[in-house]
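# Secondary and tertiary structure notes
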Amino acid sequence: MLEEILALKRERNAAILAHNYQVPEVQDAADLVGDSLELSRAAARLDADVIIFCGVDFMAETAAILSPDKRVVLPAKGAFCPMAHLVNAEQLREMKAQHPDAAVVAYVNSSADVKAESDICCTSANGVQVVKSLSEDEVIFVPDRNLGAYVQRFTDKKVLTANGYCYVHDRLTPLEVEAARRSHPQAEVLVHPECRPEVIDVADFVYSTSGMSRHAQKSEAQEFIIGTEVGMLYRLKKDNPDKEFYPLSEAAICDNMKKTSLDLVLIALQTLEPQVVVPENIAARARKAIERMLAI
Ligand code: 13P
Ligand code: SF4
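These lines cover the structure that appears in this document, whether it is placed above or below. (Residues numbered from 1 in each chain as written. Chains lettered and ligands numbered in written order. Predicted model: local features only at pLDDT ≥ 70, side-chain atom pairs only at ≥ 80, totals over all residues. Heavy atoms only, no water.)

## Notes on the packing of aromatic side chains
What counts here: Stacked, tilted and edge-to-face are the three classes assigned to paired rings of Phe, Tyr and Trp, where Trp is represented by its six-membered ring and a pair needs centres within 6.5 Å; plane angles under 30 degrees give stacked, over 60 edge-to-face, the rest tilted. For the exposure calls, accessible area comes from a 1.4 Å probe over protein chains only, and a residue counts as buried if that area is under 20% of its type's maximum, exposed if over 50%, partly exposed in between. Per the convention used, a helix needs a DSSP run of H or I reaching at least four residues, while a strand needs a run of E reaching at least two, with both numbered from the N terminus.
By the definition in use, this model includes three aromatic pairs. Seen from their ring centres, phenylalanine 205 and tyrosine 207 are 6.1 Å apart, and the 20° between their planes marks the pair as stacked. Residue classification places phenylalanine 205 among the partly exposed residues on the basis of a relative accessible area of 30%. Look at phenylalanine 224 and phenylalanine 245: their rings are 5.3 Å apart centre to centre, the planes differ by 15°, and that puts the pair in the stacked class. Taken together, the positions of phenylalanine 224 in strand S11 (residues 223-227) and phenylalanine 245 in strand S12 (residues 244-247) put the pair 21 residues apart, joining distant regions of the chain. Each member of the pair, phenylalanine 224 as well as phenylalanine 245, is classed as buried.

## Some thoughts on helix H13 (residues 232-239)
Helical periodicity: at 3.6 residues per turn, an α-helix aligns residues three or four positions apart in one direction. As a reminder, the rule being used: Here the arc refers to the set of directions running from the helix axis out to each C-beta atom. For this analysis, residues touch if any pair of their heavy atoms sits within 4.5 Å.
Among all positions in H13, only Met232, Leu233, Arg235 and Leu236 are buried. Looking straight down H13, one finds that the buried residues subtend no more than 160° of arc, so they occupy a single side. Buried residues along H13 sit against helix H2 (24-29), strand S2 (32-34), helix H12 (209-218), S11 and S12.

## Things to note about the layout of surface pockets
What counts is decided by this rule: Grid spacing is 1 Å over the protein atoms alone, the probe is 1.4 Å, and a cavity is where that probe fits but cannot get out, while a pocket is an open set with protein on both sides within 12 Å along at least five of seven lines and lining residues have an atom within 4 Å of a point. Grid points are joined across faces, edges and corners, and a volume is the space filled by probe spheres set on the points. Residue polarity follows a fixed list, in which Ala, Val, Leu, Ile, Met, Phe, Trp, Tyr, Cys and Pro are nonpolar, Asp, Glu, Lys and Arg are charged, and the others, Gly among them, are polar.
Considered as a void within the structure, the largest pocket measures approximately 160 Å³ in volume. In terms of lining residues, the largest pocket is bounded by 15 residues, among which Ser124, Ala125, Asn126, Tyr150 and Val206 are the most central. For the lining of the largest pocket, the leading source of residues is helix H7 (residues 127-132), giving three residues. Its residues assigned to classes, the lining of the largest pocket shows eight nonpolar, seven polar and no charged.

If you want it as structure tokens, here you go:
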């Protein structure tokens, strides 16, 4: 199947992008495996006619917004990020009306219409940097309350968060960190900023998914407890074969990230469907917010 995928990929002049949470065989078939920021950057600069995006809806939408001349295909029809749908454009407009002087930051895990209502986007890798770059003293941050609270730790600006959260990260607990540390006392604890503040408080480091990978490579530690979706462990072990990685919770599984299989990648290359299209009136406004992020 891999051979067939590679041959079709050449024929179609396609590139396969995969998020760090994808199943191992999909990661292995990809041209690039990365976090949301790396995948957005790649989507903007890739010289391909087709992007097969192995991830969830908002990621493929971001690629489509940045590359209107490319055909973007999401192999698992309907794979979506539940958090991205916890705040809609109407709710954001209400927040804006209540805080007319605030800048609006949309975490990329949001719908295209929410991005279109925003001044700038951010990812988990650059949220602090993005908020610090703004001249406004007040910032509306949607949809993730946990990432918003994490960003608030690093700035004197007032960060007004919505009530969105990621169900995979939000259910990780300090008790699980304590138990994992007891089992692996030498291990460093790395968690994602979508975790609750009380989990962030007891972790050693907080990183985006690819940030975890970079940290594991340069750290002198040999063992790591990983507080994010379990798909990340395959990437970490592949990049660091001589180090050990333990999930903070075996239950940290994003069902939508697991919908993409190698069969679906092959079908996507054969049919170039399901295509992801963002209407240009929304895409044009969302593009400004994403490009403003990429510029910093
Ligand atoms: P990263 O950008 O850190 O890969 O995070 C994306 C995501 O969906 C985390 O749950
Ligand atoms: Fe969305 Fe959470 Fe899944 Fe990431 S892990 S795609 S934030 S539901």
